[in-house]
Every structure is written in structure tokens, then in C-alpha cells.
Amino acid sequence: MGQAQSSEALDAVNAVEKQLKTPGEGGSKGIKLFKFVKAGTGGNWELASANARPSFYDALEDTSSSGSKHDWFMEVEGGDIDVHVDQDLGYVLDLSQRRVTFSAEGTVWALRFPSEEQYRSFGEELNNKVYYNTYGMENSEESRTKELGADYAGMFFNAANAEQAVAPMDLEPEPEEPTTPAHLKERRAKEDAGGEEDSILGLIMGAGENNYLMRGGTKFDVLRNVEGGVEDKCVSFTLTPAGKGAAHFTPSKVLLAQGERRMNLLTPDNTNALHHADVETGKIVSTWKFQKDTVDVPIRDIVHEHKSAQMEEVSTFLGLDNNRLCKWDLRDPRGKVAESPIVNYTGGKDYSRGTNFTCMATSGDGYVVVGSQDGKVRLFSSKSLNRATTSIPGLGAPITSVDVTFDGKWVVATTDHYLMVVKTTFTTDKGEAACAFTKAMGGRGTMPRLLRLKPEDVARTGNKPFRKGKLTWVTESGHSERWIVASCGKYSVVWNFAKVKTSSAGCLHC
């Protein structure tokens, strides 16, 4: 997946239109509908209708809820398209081509408008309908202020910024050599497409000699960190569960620890358990329970207190559940290794219902970023988990994973259909440089960058969701992070982080 293939596919739309025009004629003035037809690893755009008629309708119009609630769908006459209007459309607005590209029921379509006026009118209405189906109210300055906060009401879903947020901006394709973790992961995934081995579920980033590709059933492939990337060691191991007859499981989170000789693992089947594994022997050596005041506590994510702690001999870490942020220690209060399999609760904050935390990450200085089900990204200082310093509303899609640069200046939040990259540094009203982890940023920050697949690449991946977007700082021998990597089905997608940082805010496609 990359710029060359995407550009060729988009140029094919223009080629098809050119072929349809007869000499001396300007061609049809109607809205044209194109369909992307997959062919092997590529595909082509084909004209589906030379006179398409897109429109929106309310599915609740003839129900008892009519007038008080709406549920918007889009239909396109001439293309047999009838689809719910939400983030799953993955729509792209391209003013230069007067084109709106979107996905519907596993197929990628493109509407090309004969005039800029028609294009803008449709794009604005599409934006408003997506807003309503996301938040349940009409798109206005007042409603955006209520849902997103006054600081962000003019930044998200604003007609002036809507096109900027979803406009295509190509990045240069990354070099093929030396191999990056994402390239290797994609190659291995393609080799495994026949189903002979378990699919790859994630990349565990190591700061020392090795990285690990995680497969189902606690199986890991070992990769060696080399200058500029990684190489396959052609070594795999499967962690042996502790206890006679214990069943294998697929971890929901793996955290390298104690000089990367150990792994701490969570499993969705038992959310109050922490499995402690020895990488060198390939065995799960103990299973602990999360408890607070003798009551079992479910934990859905764990991270170190600072980003490089996985290389240190420390026993403390952070964890979260839907409405809880907490600190844990594998030692007992007397500073000795605990004999009882209980993880010691050392502090934290229980929030009232509604926070719906999903994931967390830490910077080199211990700043904490937390994602949530409602799409919010909260930034905490290293001193307290009691209150977020800055809260960023996002676009309403659930955050499934987060990461932050070592210096804490950039945050990456993953959703099913895009990655949101947030710059955390800003200038105060007094002209002073500040960081959103230690000082409330409000509306003084820049508009987040959204990283998406191009629509034709969405078709190639089978519209699979993004998973575990991460920064590859640990592969760069202490240098600044160079890549943003996310898995998408059997593929991995790589963005050049330097390009992302220097681009104008908006949407970038790989």
C-alpha cells in the first residue's frame, strides 16, 4: 500500500471520464459515480453511472420518533447504494477533483461533481449528517460547544474545517530497505494468508536486542533490532501456562519488563489476573490477582510509569479500567517480593461513571495519556492521576490504543478507521512555550492530523479496522521517532513521522 498505487487508481477516474467524452463534446454535466473494482493486489475505477443522484433520508421519518429523532442514511440512485451515514463511510473530500470518495458495504465508490458549488453543498450536508448520527443533534456552533467544548467547537465538524480534516494528502512512500518492523510484519502476514499459522495480532516493541510479533495462543516470533530497522531471527516460542493442565490464551496486552527478560500479560478471559512470564525460559512463572481492599479489580490495560522502564529493574506500573486509573506494585509494602499472588495497590483515582477509559501510554518523563470509548484523549501530568490537565474531544470514534513520543510532544490515538496525531506543545496567551500535559491547552493547540488509508486501500484490506498504532522510537538507537505503525488486517501501515509533523493539519493518507 502506498502513494504510487493510490495515485494510479485515482488517476484512473480521470482516464475513464476522458474515454467517455466524444471529440468536440464537453461530456455529461451530471454527477458521475465510479466503483473501485479489485483485481488481484490492485484494482481499477469503473464508471457505474453517468447521472447519479445522491440524497439523504431519515430512516425514522415514518415512525413514532419522527420529528424528535433522526437516523440518517445516504442512497445513490444509479448505483444501488443505501448506507448508514457515520464514520464507517471513511469518506474523503477532494476539492481539487470535486470528488467525494467513500466505502459502502465493502465496496469503494467515488462521486464526481460537475461544479464546485454542487460539490461543496453535498460535502457540507454529508458532514452535518455524520455529526447528527454521532452526537444526536444538529450541527451548530452551540451544539459543538456542548459536545466538544468551547475550545474545540470551531475545530471539529466546522464547515470551514470539514474539508481540511478529510482531504487527501499524499506522503512519500517509505524506503524498502532496511526493513522496518511494519514491512516485515506485512510480509510475514502475506505468507501466513493461507492459514497455516495463527495470524499476527500485534508488534511488541523492544528497546534492547529484540522485538516480538504476537500471534494467537501466547506464540511469539522474535525479530532482531538492527541499524535502521529489524531482521527476522527465524525463531519463535510459545509461553507455557503456569500450572498443570492450564490452557493457552491469547493476551490482550503484553508489557515487557525487568530489562525485557520478563513479560506481564493481561487476558480478556480473566480481567483481574496478571500473568508474569520469563522470556528466556518461555514459561509463565506466576499468575497474580489485582485487588484493592481484598476486592478483585478488573484491569484492561497496563503501562510502565515512564516509557523506558521496561529496560529497568522496577516492579511498579500503571493500570486502568473503565472508570479507574491506578498504580500497582509487585512487591509487598515491606519492599520484599510478595509470596502471595496479589498485586499491591499503591494509589490512583476511581472516577464516577461515564469516563469509559480504554487504553493508556506514558512518555519518557512519565506523562500519561488516556483514551476512552467516547473518543476523548486525556493528558495527565506525571504527578497525579486525579485530574486531566488537558482533554481533547476527538471525533466521537472509540479510542482503542494510544502512544506518545518519548519527549511527550506528540500523541497518537488509534480508532477503527483513522489514527489521530495530536501536537501537545503550544504557545500561551503570554507568548510562552507550554506543554498540554502540564498546562491546559484549550483551543490554543493545532488541529489534529488524521491518518487514514486511501479508499482503494480500504478495499484491498477488506475494510479491516486499524489496531495498535505505535511510534517506533525503540528501533532508532536513541534517535527521534521515525515511523508511525498500525496493523490493519493482515497488513501493517507505515507513516513517515517526520512528514506527519511537518504537514499542515488535516488528513493524510498512506
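As the structure is a computational prediction, the values presented were derived from the model and not from experiment.

K.L.:
What is the right way to look at the overall build of the chain in this model?
P.N.:
Helix and strand counts for the chain come out as seven helices and 34 strands. Looking at the chain residue by residue over its 510 residues, the buried ones come to 52%. Counting only contacts in the chain whose residues sit at least 6 apart along the sequence, the fraction spanning at least 24 positions is 52%. Roughly 22,600 Å² of accessible area belongs to the chain as shown, and the carbon and sulfur atoms make up 45% of that amount.

K.L.:
I would appreciate a short explanation of helix α3 (residues 141–148) in the present structure.
P.N.:
Buried residues of α3: S143, R144 and L148, and no others. Seen from one end, α3 has its buried residues packed into an arc of 105°, which puts them on one side. α3 presents E142 and K146 as exposed residues on the side facing more than 90 degrees away from its buried surface. Summarising the contacts, the buried residues of α3 are in contact with α2 (116–135). Just downstream of α3 lies G149, where phi reads positive at about 95°.

K.L.:
How should I be thinking about the sheet that holds strand β31 (residues 466–471) in this particular structure?
P.N.:
In space, the three strands of this open sheet follow the order β31-β32-β33, with antiparallel pairing throughout. Edge positions in the sheet fall to β31 and β33 (491–496), since each has one partner strand and no second. Direction aside, the axes of adjacent strands within the sheet are offset by 20° on average. As paired elements, β31 and strand β32 (residues 483–488) share four bridges and run antiparallel to each other. Note on β32: the bridge partner recorded for F466 is C488.

K.L.:
Would you mind showing me how to read the pairing of strand β25 (residues 401–404) here?
P.N.:
The side chains of a regular strand alternate between the sheet's two faces. Burial along β25 is two-sided: the face carrying S401 and D403 and the face carrying V402 and V404 are both buried. Hairpin connection of β25 to strand β26 (residues 410–414): five residues between the antiparallel strands, including G408 at a positive phi of 75°.

K.L.:
So what exactly am I meant to see when it comes to the pattern of salt bridges here?
P.N.:
Once their charged atoms are close, side chains differing in charge can pair, the charge on each being opposite to the other. Counted by the stated rule, this structure contains 14 salt bridges. Residue E125 pairs with K129 through a salt bridge whose shortest N-O separation is 3.8 Å. With E125 and K129 both in helix α2 and four residues apart, the pair spans about one turn of that helix. Between D301 and K253 there is a salt bridge, and its shortest N-O distance comes to 2.7 Å. Linking D301 in strand β17 (residues 301–303) with K253 in strand β12 (residues 253–257), this pair joins segments that are 48 residues apart in sequence. You can call K253 buried: its relative accessible area is 19%. Bridged by salt links that share partners, the residues K292, D321, R324 and D350 form one connected network.

K.L.:
It is not clear to me how the packing of aromatic side chains should be interpreted in this structure. Could you clarify?
P.N.:
The description of an aromatic ring pair uses the distance of the two centres, along with the angle that the planes make with each other. By the definition in use, this model includes 15 aromatic pairs. With a centroid separation of 5.5 Å and 25° between ring planes, the pair formed by F56 and F122 is classed as stacked. With F56 in strand β2 (residues 42–58) and F122 in helix α2, the pair connects residues that are 66 residues apart, well separated along the chain. Of the two residues, F56 and F122, neither departs from the other in class, the shared state being buried. Connected via pairs of aromatic rings, a cluster forms that spans F56, F113, Y119 and F122. Lying across the ring of W72, K129 places its NZ or CZ 4.0 Å from the centre. A cation over an aromatic ring shows up here: K349 above the ring of Y351, its NZ or CZ 5.5 Å from the ring centre.

K.L.:
Would you explain the pairing of β12 in this entry?
P.N.:
Extensive coverage of β12 is indicated by the burial of five of its five residues. Alternating residues of β12 divide into K253, L255 and A257 and V254 and L256, and every residue in both groups is buried. Bridging between β12 and strand β13 (residues 262–266) involves five bridges; their strand directions are antiparallel. Its bridge partner being in β13, V254 is matched across the sheet by L265. Hairpin connection, β12 to β13: the antiparallel pair is bridged by four residues, and Q258 has positive phi, about 50°.

K.L.:
Sorry if this is basic, but what is going on with α2 here?
P.N.:
Side chains that are three or four residues apart share a direction in an α-helix, a result of its 3.6 residues per turn. When the terminal C-alpha atoms of α2 are compared, their 28 Å separation across 20 residues agrees well with the 28 Å that a helix rising 1.5 Å per residue should span. Within the sequence span of α2, burial applies to Y119, F122, G123, L126, N127, K129, V130, Y131, Y132 and Y135. Within two residues after α2, G136 carries a phi angle of roughly 75°, on the positive side.

K.L.:
What is the right way to look at the side chain of N139 in this model?
P.N.:
Summarising the element assignment, N139 is placed in the loop between α2 and α3. A distance of 2.9 Å separates polar atoms of two side chains, one belonging to N139 and the other to N128. Within the local environment of N139, its side chain forms a polar contact with the side chain of R144, the two groups lying 2.9 Å apart. If sequence neighbours within four positions are ignored, N139 has contacts with N127, N128, Y131, R144 and F157.

K.L.:
Sorry, what's going on with the sheet that holds strand β3 (residues 72–77) here?
P.N.:
Strand pairing in a sheet is mediated by backbone hydrogen bonds. Such pairs are either parallel or antiparallel. As summarised here, the arrangement of the seven strands in space is β4-β3-β2-β1-β7-β6-β5, forming an open sheet in which the pairing is antiparallel. The open sheet terminates on both sides in strands that have one partner only, identified here as β4 (81–84) and β5 (92–94). The sheet shows a mean angle of 30° between the axes of neighbouring strands, direction not considered. Here β2 runs beside β3; their pairing, made up of six bridges, is antiparallel. Residue R53 lies in a different strand from β3, and its bridge partner there is E77.

K.L.:
Help me out: how do you make sense of the environment of T400 in this one?
P.N.:
The residue T400 is located in the loop between β24 (390–392) and β25 in this model. Sequence separation between T400 and C359 is 41 residues; the distance between their C-alpha atoms is 6.5 Å. Not counting chain neighbours up to four residues away, the residues in contact with T400 comprise C359, T414, T415, D416, F466 and R467.

K.L.:
Explain the nonpolar core to me, please; I cannot follow it from the model alone.
P.N.:
Side chains of nonpolar character tend, in soluble globular proteins, to be buried together. Counting 55 residues, the largest nonpolar core has F102, L111, L126, V369 and V377 as the members making the most contacts within it. Counting residues per element, this core draws most heavily on α2, at seven residues. Setting aside chain neighbours within four positions, we find L111 in contact with I31, K32, L33, A52, P54, V76, R98, R99, V100, F102 and F122. Counting residues in each nonpolar core, the second largest holds 16 residues, with W410, V412, I484 and V500 among its members.

What counts and how
Residue numbering note: each chain is counted from 1, following its sequence as written. Thresholds applied to this predicted model are a pLDDT of at least 70 for local features of residues and 80 or more for the giving and counting of side-chain atom pairs; totals over whole chains, interfaces and linings are not thresholded and use all residues. For side-chain calculations, the full set of non-hydrogen atoms in the structure is used, while hydrogens and water are omitted. Only DSSP runs of H or I covering at least 4 residues are called helices, and only runs of E covering at least 2 are called strands; the numbering of each starts at the N terminus. Note on exposure labels: buried denotes an accessible area under 20% of the residue type's maximum, exposed denotes more than 50%, and partly exposed covers the range between, all computed with a 1.4 Å probe on protein chains only. Residues are treated as being in contact if the distance between any of their heavy atoms lies within 4.5 Å. Surface accessibility follows the Shrake-Rupley procedure with a 1.4 Å probe radius. Residue values consider only the protein chains on display as shielding. Think of it as the arc spanned by the lines of direction from the helix axis to the C-beta atoms. By this definition, two strands are paired if DSSP reports at least two bridges between them. All axes are obtained by fitting lines to C-alpha atoms, using only the stretch in contact for helices, and the reported angles, taken between N-to-C directions, cover 0 to 180 degrees. Every case where a carboxyl oxygen of Asp or Glu lies within 4 Å of a side-chain nitrogen of Lys or Arg is listed as a salt bridge. The pairing test for Phe, Tyr and Trp rings, Trp by its six-membered ring, is centres within 6.5 Å, and the orientation test on the planes gives stacked under 30 degrees, edge-to-face over 60, and tilted for anything in between. Criterion for a charge above a ring: Arg CZ or Lys NZ at most 6 Å from the ring centre, at most 35 degrees from the ring normal. For a helix, the expected span equals 1.5 Å multiplied by the residue count minus one. Definition of a polar contact: a pair of N or O atoms within 3.5 Å, with one able to donate and the other able to accept a hydrogen when the atoms are protein atoms, and with sequence-neighbouring residues admitted only if both atoms are side-chain atoms. In plain words, nonpolar cores are sets of buried Ala, Val, Leu, Ile, Met, Phe, Trp, Tyr and Cys residues tied together by side-chain atoms within 4.5 Å.

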